[in-house]
Amino acid sequence: MSDPRDSLHRLVEEGALAARQPPLASLRRRAQRRRRARAATIAVVLVAAAAAALPLTRDDHHQPTPTTTAAPRTLTVDPAKTVSGGLITISGAGCTPGRTVSLGLRWDGGAPLSPTMAQRKEQLNPPATAPTAGSRDLTTTTALAAGTFTAKATIPADVTIRTPTLWARCPAPDTTNLLTQSVLIQINNP
Amino acid sequence: MEHQHTGDREQPDFDEFYRSACPRLVGQLFSVTGSVEQAEDVVQEAFIRSLSRWARIQAYDVPELWVRRVAINLAVSDLRRLRRRATALLRLGAQRPPAALSPETADLAELVRRVPANQRAVLLLHDVLDLPLEQVAAQLNLRVSTVRGRLARARAILARHVATDTDAEGPVSRHV
């Protein structure tokens, strides 16, 4: 066989000669079908969203028995802006009382960094973004009787992600599933 | 809505564009897919997408670049290719006869399929279409160093298989 580059040229030429070209009308029909399908999907999604948003009304006088309302799922961090090595207080709700709540941080690859003063002194051009995704366990605590929890945690000194996600995971009431809540915090190192 | 801008005024342009560019693009994508049928599928898919965006694409200096880039992306993506192939089989009822190729080209297509798909795209743009590395990198959203690496690896694979196949065909002089 000759030079691979020449062979590739021949391959392309012969491929062009062998190409079978469907009529443009066929392409148009397919494009039209696709547009209709897309429009139908959008319509279904809009109807579903509207149905979910609108309150349901009942014509009969039957009063439904009160259903058990799940505890509100909230996760707050105080202060929301901190520094590497800073102390934060994490509060939340919606967990099964008496069960362990795990707390941690995670971030994506490419997340912006907030290098510390020491890092800036050590490296002339510290990296601006995290090379890989990562996570760090912070602490655990136990959910109180109402399903709420509060824990103090220290941001690890070597975590310099500018906006990591703080997550809390615990068993949810009335289900075997784990409930994971998350909130963004800001780490602004001076 | 974007596709509604594609009025009758633009259609003759698209007709001409489709007629002239389709076979050429199928030939080029043949070097990426290693199969004329798959090349036809990805090129048709790219043309369908361009049809709904034609009002915008026709304003480009070279609309063909857009279609080729979409077709290359489709060809490189295995998942999409499998889904598209299944759709094409359903549409055509698996009745499409194989493309008529010379034995040499069929052999070469077999060799091309041994090169990873993302490296074949670099081969097409640089070795077949003679684009400089910088343009290849820009069209594929890659760094120039990545393009250079893929090109070297693709050429090596191709050269190795060409040499192996030549050896298997019979005694030939070796340039050591």
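Computed from a predicted model, the values in this text were never measured in an experiment.

(A) Local environment of the overall build of chain B. Along its length, chain B carries nine helices and zero strands. Looking at chain B as a whole, 34% of its 176 residues qualify as buried. Across chain B, the fraction of contacts at a sequence separation of at least 24, relative to all contacts at a separation of at least 6, is 66%.

(B) View of the interface of chain A and chain B. Between chain A and chain B, the contact holds 25 residues from the first and 35 residues from the second. Counting residues per element, the side of chain A that touches chain B draws most heavily on helix H1 (residues 4-18) of chain A, which supplies 13 residues.

(C) Up close: the nonpolar core. Counting 44 residues, the largest nonpolar core has Val26(B), Leu29(B), Val42(B), Val43(B), Ala46(B), Phe47(B) and Ala71(B) as its most contacted members. Discounting residues that sit within four places of it in the chain, Ala71(B) has contacts with Leu25(B), Leu29(B), Val42(B), Val43(B) and Ala46(B).

(D) Molecular detail of helix H6 (residues 103-112) of chain B. Buried residues of H6(B): Thr105(B), Leu108(B), Ala109(B), Leu111(B) and Val112(B), and no others. The buried residues of H6(B) occupy an angular sector of 155° when the element is viewed end-on, so they sit on one face.

(E) Representation of the sheet that holds strand S1 (residues 75-78) of chain A in the model. Residues and elements named next belong to chain A. Here three strands make up an open sheet; going across it, the order is S1-S3-S6 and the pairing antiparallel. Whereas interior strands pair on both sides, the edge strands pair on one side only; in this sheet they are S1 and strand S6 (149-154). Shown here is a sheet whose adjacent strand axes are inclined to one another by a mean of 20°, direction ignored. Examined bridge by bridge, S1 and strand S3 (residues 87-92) share four bridges and lie antiparallel to one another. Following the sheet pairing, valine 77 is matched in S3 by isoleucine 90.

(F) Spatial organisation of unusual backbone geometry. For the bond from Asp78(A) to Pro79(A), the omega torsion is -5°, close enough to zero to count as cis. Unusually for a residue other than glycine, Asn141(B) sits at a positive phi of about 55°. Among the secondary structure elements, Asn141(B) is positioned in the loop between helix H8 (133-140) and helix H9 (144-169).

(G) Geometry of the sheet that holds strand S7 (residues 165-171) of chain A. Residues and elements named next belong to chain A. Spatial ordering of the open sheet is given by S5-S4-S7-S8, a layout of four strands whose pairing is antiparallel. Every other strand in the sheet has two partners, leaving strand S5 (134-142) and strand S8 (178-184) as the edge strands with one partner each. Shown here is a sheet whose adjacent strand axes are inclined to one another by a mean of 20°, direction ignored. Both strand S4 (residues 100-107) and S5 contribute to a ladder of eight bridges, which runs antiparallel. In the sheet register, serine 102 faces S5, and the bridge partner there is threonine 140.

(H) Region of interest: the packing of helix H7 (residues 117-128) of chain B against H8(B). Residue and element names in this part refer to chain B. Orientation of H7 relative to H8, taken along the N-to-C sense of each, is 135°, at an axis distance of 9 Å. Relative to H8, H7 is oriented oblique. As for the relative orientation of H7 and H8, their crossing is right-handed in sense. Contacts between H7 and H8 involve Ala121, Val122, Leu125 and His126 from the first element and Leu133, Val136, Gln139 and Leu140 from the second. Taken together, the residues that form the contact of H7 with H8 break down as six nonpolar, two polar and no charged.

(I) How the structure looks around the packing of helix H2 (residues 24-53) of chain A against helix H2 (residues 36-52) of chain B. Packing of H2(A) against H2(B) leaves a shortest axis separation of 9 Å and a crossing angle of 65°. Where H2(A) crosses over H2(B), the handedness of that crossing is right-handed. Contacts between H2(A) and H2(B) involve Leu27(A), Arg28(A), Arg30(A), Ala31(A), Arg34(A) and Arg35(A) from the first element and Gln44(B), Phe47(B), Ile48(B), Leu51(B) and Ser52(B) from the second. Tallied by class, residues from the contact of H2(A) with H2(B) come to five nonpolar, two polar and four charged.

About the cut-offs
Residues numbered from 1 in each chain as written. Chains lettered and ligands numbered in written order. Predicted model: local features only at pLDDT ≥ 70, side-chain atom pairs only at ≥ 80, totals over all residues. Helix = DSSP H or I, 4+ residues; strand = E, 2+ residues; numbered from the N terminus. Buried ≥ 20, exposed ≤ 12 C-beta atoms within 10 Å, placed from the backbone. Contact = placed C-beta atoms within 7 Å. Core = buried A, V, L, I, M, F, W, Y, C linked by C-beta atoms within 7 Å. Arc of directions from axis to C-beta. Pairing = 2+ DSSP bridges. Axes fitted to C-alpha atoms, helices over the stretch in contact; angles between N-to-C directions. Parallel < 35°, antiparallel > 145°, perpendicular 65-115°, else oblique. Left-handed = near helix turned anticlockwise from the far one by under 90°. Nonpolar A, V, L, I, M, F, W, Y, C, P; charged D, E, K, R; others polar.

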